Amino acid sequence: MTATVEQRVDPREVPRGLVGAGIAVTAWSTGTILAKYLDMDALAIGAYRFGTFFILLVIWMRARGVRLDLGIIRKSMWGGLALGADIVLFFSAVKETSVVNATIIGSLQPIVVGVIAARFFGEKIRVNDAIWSIVALAGAFVVVTSAANDDIRSLRGDLLAAGAMFSWSAYFIASKQSRGRMSSTEFTAGTSIWTAAICIAIGLPIGQDLSFPNASNWGWLVVMIIGSGIVGHSLMNWSLQRIPLWVGSTFTLFIPVASTALAWLALGETITWLQALAMAAVIAALAMIVIGQTKSVPATVAEPAPVEPASG
């Protein structure tokens, strides 16, 4: 982890970043629903999703006169390895433990990121914000556990889920650290090709079917790429350059809320009164955090000092 330095930011960027992060986590929540329509192995979805996403981003950048060189891909390596590890570990975890356990463990990410943000990025988390974050975390727990319909438990699976959570946290941190070294679009493109490569490298040896998707699967993959990829990853990486790291991480607690609501709308799944109240609590808590951020925007934020590439 690098040292931090104070860099002045435009306070007007913070509200835009908050809106972007909100849209991003909503887009991410569609991934769970869309995956139900895909007749593909998990790592095959990851490989084709991020591989195609990378190609589209490169085309977009070229159209704007921007080249993605090998230096950017090298600098985005740690973010890509973190995101790839998250996908591999999470889908491995749900094979050995309950989806509920894996999701709950993943929801602990804001705690890890909050500690890192305070220690290495100099971010200040006010008492009120901490309280509302705890309320949102508790609400997300209730939303997930209220939908429990299995009793599969495994220490190995829980450890894999913990590994996925730490990897997901590392991805957010790498995104924040990329400021000053590359644009958010370059970071997103670089991490995408690394993630696709990891899915292929791990998927082949463990017997995942990585054959070319049929037309139906391609249709849903395109929708997923647009939603979770173009809107989700691109917008969150853009937003993390404009808002505190801990805020972007806390926003991810909205994902199980939105996923539950979408499952109710699209798949006809039921929502209990307890879930509904918990969902309302998460939304209210996140709204209070947003209000707090827009009322008190700092003139400076701590950013990691850019790492100069070694000469020779």
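One can find the structure itself at the top, above this paragraph.
Parameters at a glance
- Residues numbered from 1 in each chain as written.
- Predicted model: local features only at pLDDT ≥ 70, side-chain atom pairs only at ≥ 80, totals over all residues.
- Heavy atoms only, no water.
- Helix = DSSP H or I, 4+ residues; strand = E, 2+ residues; numbered from the N terminus.
- Buried < 20%, exposed > 50% of the residue type's maximum accessible area, 1.4 Å probe, protein only.
- Contact = heavy atoms within 4.5 Å.
- Areas by Shrake-Rupley, 256 points an atom, 1.4 Å probe, with all protein chains shown as cover.
- Polar contact = N/O pair within 3.5 Å; in protein donor to acceptor, adjacent residues only side chain to side chain.
- Core = buried A, V, L, I, M, F, W, Y, C linked by side-chain atoms within 4.5 Å.
- Expected span 1.5 Å × (residues − 1).
- Patch = residues over 30% accessible without salt bridge, like charges linked within 9 Å, V, L, I, M, F, W, Y side chains within 5 Å.
- Salt bridge = Lys/Arg side-chain N within 4 Å of Asp/Glu carboxyl O.
- Axes fitted to C-alpha atoms, helices over the stretch in contact; angles between N-to-C directions.
- Parallel < 35°, antiparallel > 145°, perpendicular 65-115°, else oblique.
- Nonpolar A, V, L, I, M, F, W, Y, C, P; charged D, E, K, R; others polar.
- Phe/Tyr/Trp six-rings, centres within 6.5 Å; stacked < 30°, edge-to-face > 60°.

A. Examining the overall build of the protein more closely. Along the protein, the regular secondary structure elements total 14 helices and two strands. Within the span of the protein, comprising 312 residues, buried residues form 47% of the whole. Put simply, 93% of the contacts in the protein that link residues at least 6 apart link residues at least 24 apart. By element, 66% of the accessible surface of the protein is carried by carbon and sulfur atoms, the whole surface being about 14900 Å².

B. Structural detail: the side chain of Thr 188. Note that Thr 188 resides in helix α10 (residues 184-203). Here Thr 188 falls in the buried class, since its relative accessible area comes to 1%. Reaching out from Thr 188, the side chain makes a polar contact with the side chain of Asn 237 at a distance of 2.9 Å. Ignoring sequence-local partners within four residues, the contact set of Thr 188 consists of Phe 53, Leu 57, His 233, Ser 234 and Asn 237.

C. Main features of the nonpolar core. Ranked by internal contacts, the top residues of the largest apolar core, which has 56 residues, are Trp 28, Leu 68, Tyr 171, Phe 172, Met 236, Leu 245 and Phe 251. By residue number, the principal contributor to this core is helix α3 (residues 42-63), which donates seven residues. With residues up to four places along the chain from it excluded, the contact list for Leu 68 reads Phe 54, Val 58, Met 61, Ile 73, Glu 186 and Ala 189. Counting 10 residues, the second largest nonpolar core, distinct from the first, contains Leu 38, Ile 45, Leu 210 and Trp 218.

D. Seen up close, helix α1 (residues 13-28). When the terminal C-alpha atoms of α1 are compared, their 22 Å separation across 16 residues agrees well with the 22 Å that a helix rising 1.5 Å per residue should span. When α1 is considered as a whole, its buried residues turn out to be Glu 13, Val 14, Gly 17, Leu 18, Gly 20, Ala 21, Ala 24, Val 25, Ala 27 and Trp 28. On its buried side, α1 packs onto α2 (30-35), α9 (155-177), α11 (215-239), α12 (245-251), α13 (254-266) and α14 (273-295).

E. Fine view of a nonpolar patch on the surface. On the surface, Ile 55, Leu 56, Ile 59, Val 222, Ile 226 and Ile 230 cluster together to form a nonpolar patch covering roughly 520 Å² of accessible area. Mapped by element, the contributors of at least two residues to the nonpolar patch are α3 and α11.

F. Just the environment of Trp 273, in detail. The topology assignment puts Trp 273 in helix α14. In this structure the C-alpha to C-alpha distance between Trp 273 and Ser 146, which are 127 residues apart in sequence, comes to 9.7 Å.

G. Structural context of the packing of α9 against α11. Direction vectors running N to C along α9 and α11 enclose 55 degrees, while the axes themselves pass 9 Å from each other. Accordingly, the angle class assigned to the pair α9 and α11 is oblique. Contact residues: Trp 168, Tyr 171, Phe 172 and Ser 175 in α9; His 233, Met 236 and Asn 237 in α11. Classifying every residue of the contact of α9 with α11 by side-chain character gives four nonpolar, three polar and no charged.

H. Examining the packing of aromatic side chains more closely. Evaluation of the coordinates by the stated rule reveals 11 aromatic pairs. Ring centres of Tyr 48 and Trp 218 lie 5.9 Å apart, and the angle between their planes is 80 degrees; on these two criteria the pair is classed as edge-to-face. One end of the pair, Tyr 48, is in helix α3; the other, Trp 218, is in helix α11, with 170 residues separating them in the sequence. Under the relative-accessibility criterion, Tyr 48 is labelled buried at 18%. Here the aromatic rings of Phe 212 and Trp 218 are separated by 5.5 Å at their centres, their planes lie at 55 degrees, and the arrangement is tilted. Look at Phe 212 and you get exposed, because its relative accessible area is 63%.

I. Spatial organisation of the pattern of salt bridges. Under the counting rule described, the total for this entry stands at three salt bridges. Measuring nitrogen to oxygen at the nearest pair gives 2.6 Å for the salt bridge that ties Glu 13 to Arg 242. One end of the pair, Glu 13, is in helix α1; the other, Arg 242, is in the loop between α11 and α12, with 229 residues separating them in the sequence. A relative accessible area of 19% means that Glu 13 is categorised as buried. Arg 126 is paired through a salt bridge with Asp 129; the nearest N and O atoms lie 3.0 Å apart. Accessibility expressed as a relative area gives 35% for Arg 126, which makes it partly exposed. Among the charged side chains, a network of salt bridges with common partners joins Glu 13, Arg 16 and Arg 242.

By themselves, these observations are geometric and do not establish any function.
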